[in-house]
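Structure assessment
Each chain, written out:
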Amino acid sequence: MAANDIDVFANEEKRNLELGGHVGFDSLPDQLVSKSVAQGFSFNILCVGETGIGKSTLMNTLFNTTFENEEGSHYENEVHLRPQTYDLQESNVKLKLTIVQTVGFGDQINKEESYKPILEYIDAQFESYLEEELKIKRSLLNCHDTRIHICLYFIAPTGHSLKSLDLVTMKKLDSKVNIIPVIAKADTVSKSELDKLKIKIMSELVSNGVQIYQFPTEDEAVAEINSSMNTHLPFAVVGSVEDVKVGNKMVKARLYPWGSVQVENENHCDFVKLREMLLRVNMEDLREQTHARHYELYRRCKLEEMGFKDTNPDSHSFSLQETYEAKRKEFLVDLQRKEEEMRQMFVNKVKETEAELKEKEKELHDRFEQLKRMHQDEKKNLEEKRRELEEEMNAFNRRKVAAETLMGQTLQGCSQPFKKDKDKKKLTCQTVTQAGARLFTYHRSHQCSRHVQHR
């Protein structure tokens, strides 16, 4: 092209295309809003805190309603989670709200594993959503999303610092869920002590590497208010469902002998700040952070654990079927290896058992032989003793017979002299008797004659 032609082309005015009518794609946000409103929204809140710290009361105050909630006990053996779902509506917007209470948290003597049931519950909700995603016929729009969007961690107003249980639990949860720490029952602490407690809590969280949820400042519409609210963390809140007359109007407050604490008065507590940040300004960001950050982290780790990868070692993408087949072959090889190990282990176990049985059998046989010898020795001794006893019995019987024979002969030889002596003794006795009788008669008659003469 000649230089003159280029100059002429450059000097020509650019042609502007004008639309012949209204296109209308500027109504797309309105379409999304209408569709979202028709589908409704879901929001899931996890309340973590000790029993009796005011979790249920704060939930009732946040949504200006009274949820049915069973009173917690201080005598739970372990921590268990109790989810409750409610269908709420404000204007034409429907909200499926799920409130998950940690029953028994912090009530055990050994609190070392109090956070584990909470982690297991959060992972179970991620697992449920992932299973729905991996189905052949899935319906994510109609599926009830139970993933936790926000964790309100209730801190006891001790006035000192965070407990070890608080630090450990929040450290374990910060990669699983958005955490907003709140100081419960803030009306029990003076305002100056409350400011010091907030500074100390944030300092301990930073020094221990606990990542809490920060309100986003990328959107210019909410950047200023979110940036301001980030400086008020943790929020010091007071909950109440009682209506108290203050001046000429009824407000939510708690009555004390020295006055009242108004829940919605920002000079009394941070309840209004929490409600604004949680429900009005950042609810959608909390839902998005849960899906884009926490769930994606869980999903990535889970798929990598299952063997799925985005690229092969040569940085070439491959299909899901190839990944499945490769993983299947790996599992089969691993299964065969484990089967062989189990078989070898079984054979070794059988050999060890046989060796033990043989050893036991040998011990029993030796014991039997020993008992058998002992039995034979005892039997031999008994036979000798029996023979000795028989010999003694025979000798005794012979001596007995000899003694009886000798006694018989002796008695036969002495029978006649013994009879003569008996007759002689009988005659002598008769003679003595007769002489005694005559002597007695004589003596008696002599006494009688003497008696007559005396008279």
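Residues numbered from 1 in each chain as written. Predicted model: local features only at pLDDT ≥ 70, side-chain atom pairs only at ≥ 80, totals over all residues. Heavy atoms only, no water.

Brief notes about the sheet that holds strand 2 (residues 80-90)
Taking strand neighbours across the sheet as the criterion, the six strands line up as 2-3-1-4-5-6 in an open arrangement whose pairing is mixed. The open sheet has two edge strands, strand 2 and strand 6 (235-236), and neither has a second partner. Sheet topology note: the strand 1 (residues 41-48)/strand 3 (residues 93-103) ladder contains seven bridges and is parallel. In the strand pairing of strand 3, Cys47 is matched with Gln101. Across the sheet, helix 5 (residues 164-173) is in contact with strand 4 (150-155) and strand 5 (179-183); its angle to strand 4 comes to roughly 170 degrees. Sheet strands in contact with helix 6 (residues 191-207) are strand 4, strand 5 and strand 6, and its direction is about 150 degrees off that of strand 5. (Pairing = 2+ DSSP bridges. Helix = DSSP H or I, 4+ residues; strand = E, 2+ residues; numbered from the N terminus. Contact = heavy atoms within 4.5 Å. Axes fitted to C-alpha atoms, helices over the stretch in contact; angles between N-to-C directions.)

Describing the sheet that holds strand 7 (residues 243-246)
Ordered by their spatial adjacency, three strands build an open sheet running 7-8-9, and the pairing between neighbours is antiparallel. Because the sheet does not close on itself, it has two edges, and the strands there are strand 7 and strand 9 (259-262). Across the sheet, the mean angle separating the axes of adjacent strands is 70 degrees when strand polarity is ignored. When strand 7 meets strand 8 (residues 249-256), the two strands line up antiparallel, connected through four bridges. Residue pairing for strand 8: Val244 is matched across the bridge by Val251.

Some points on the pattern of salt bridges
Applying the stated criterion to the full structure yields 23 salt bridges. As a salt-bridge pair, Asp145 and Arg147 come within 2.8 Å of each other at their nearest N and O atoms. Each member of the pair Asp145 and Arg147 is classed as buried. Salt-bridge contacts for Glu340 lead to Arg343; the nearest nitrogen and oxygen are separated by 2.8 Å. Residue Glu340 and its partner Arg343 are located together in helix 10 (residues 320-413), separated by three residues, close to a single helical turn. Residue Glu340 is classed as partly exposed on the basis of its relative accessible area, which comes to 42%. The class for Arg343 is partly exposed, based on a relative accessible area of 46%. Several salt bridges converge on common partners, so that one network encompasses Lys198, Glu266, Asp270 and Lys273. (Salt bridge = Lys/Arg side-chain N within 4 Å of Asp/Glu carboxyl O. Buried < 20%, exposed > 50% of the residue type's maximum accessible area, 1.4 Å probe, protein only.)

Description of the nonpolar core
If you look at the biggest cluster of nonpolar residues, it comprises 73 residues, and the most contacted ones within it are Phe43, Ile45, Leu46, Met59, Leu152, Ile180 and Phe235. At seven residues, helix 4 (residues 116-134) tops the list of elements feeding residues into this core. Look past the residues within four positions of Leu46 in its chain and what remains in contact with it is Leu81, Val100, Thr102, Ile118, Ile122, Ile148, Ile150, Cys151 and Leu152. (Core = buried A, V, L, I, M, F, W, Y, C linked by side-chain atoms within 4.5 Å.)

Some words on a nonpolar patch on the surface
Taken together, the side chains of Phe346, Val347 and Val350 define a hydrophobic patch exposed on the protein surface, amounting to about 250 Å² of accessible area. Note on placement: Val350 falls in helix 10. Taking relative accessible area as the criterion, Val350 reaches 31% and is therefore assigned partly exposed. (Patch = residues over 30% accessible without salt bridge, like charges linked within 9 Å, V, L, I, M, F, W, Y side chains within 5 Å. Areas by Shrake-Rupley, 256 points an atom, 1.4 Å probe, with all protein chains shown as cover.)

Thoughts on the pairing of strand 2
As defined by bridge partners, strand 2 adjoins strand 3 across 11 bridges and the pair is classed as antiparallel. Paired with Gln84 across the bridge in strand 3 is Ile99. Hairpin connection of strand 2 to strand 3: two residues between the antiparallel strands, including Ser91 at a positive phi of 60 degrees.

Brief notes about the side chain of Thr98
For Thr98, the position within the fold is in strand 3. Its relative accessible area of 4% is what places Thr98 among the buried residues. Apart from the residues lying within four places of it in its own chain, the contact partners of Thr98 are Phe43, Asn44, Ile45, Pro83, Gln84, Thr85 and His144.

What about the packing of aromatic side chains?
If you walk through the whole model with that rule in mind, you get nine aromatic pairs. Seen in terms of ring centroids, Phe67 and Tyr86 are 4.4 Å apart; in terms of plane orientation they differ by 35 degrees. Their pairing is tilted. With Phe67 in the loop between helix 3 (55-62) and strand 2 and Tyr86 in strand 2, this residue pair connects regions lying 19 residues apart in the sequence. Here Tyr129 and Tyr295 contribute two aromatic rings whose centre-to-centre distance is 5.1 Å and whose plane-to-plane angle is 85 degrees, an arrangement assigned as edge-to-face. Within this pair, whereas Tyr129 is found in helix 4, its partner Tyr295 is found in helix 9 (residues 283-306), the two being separated by 166 residues in sequence. Since its relative accessible area comes to 11%, Tyr129 is described here as buried. Taken together, the ring pairs in this structure connect Phe126, Tyr129, Tyr295 and Tyr298 into an aromatic cluster. A cation sits over an aromatic face here: Arg147 above Tyr129, 3.7 Å from the ring centre. Seen from the ring of Tyr295, Arg147 lies directly overhead, with NZ or CZ sitting 4.8 Å from the centre. (Phe/Tyr/Trp six-rings, centres within 6.5 Å; stacked < 30°, edge-to-face > 60°. Lys NZ or Arg CZ within 6 Å of the ring centre and 35° of its normal.)

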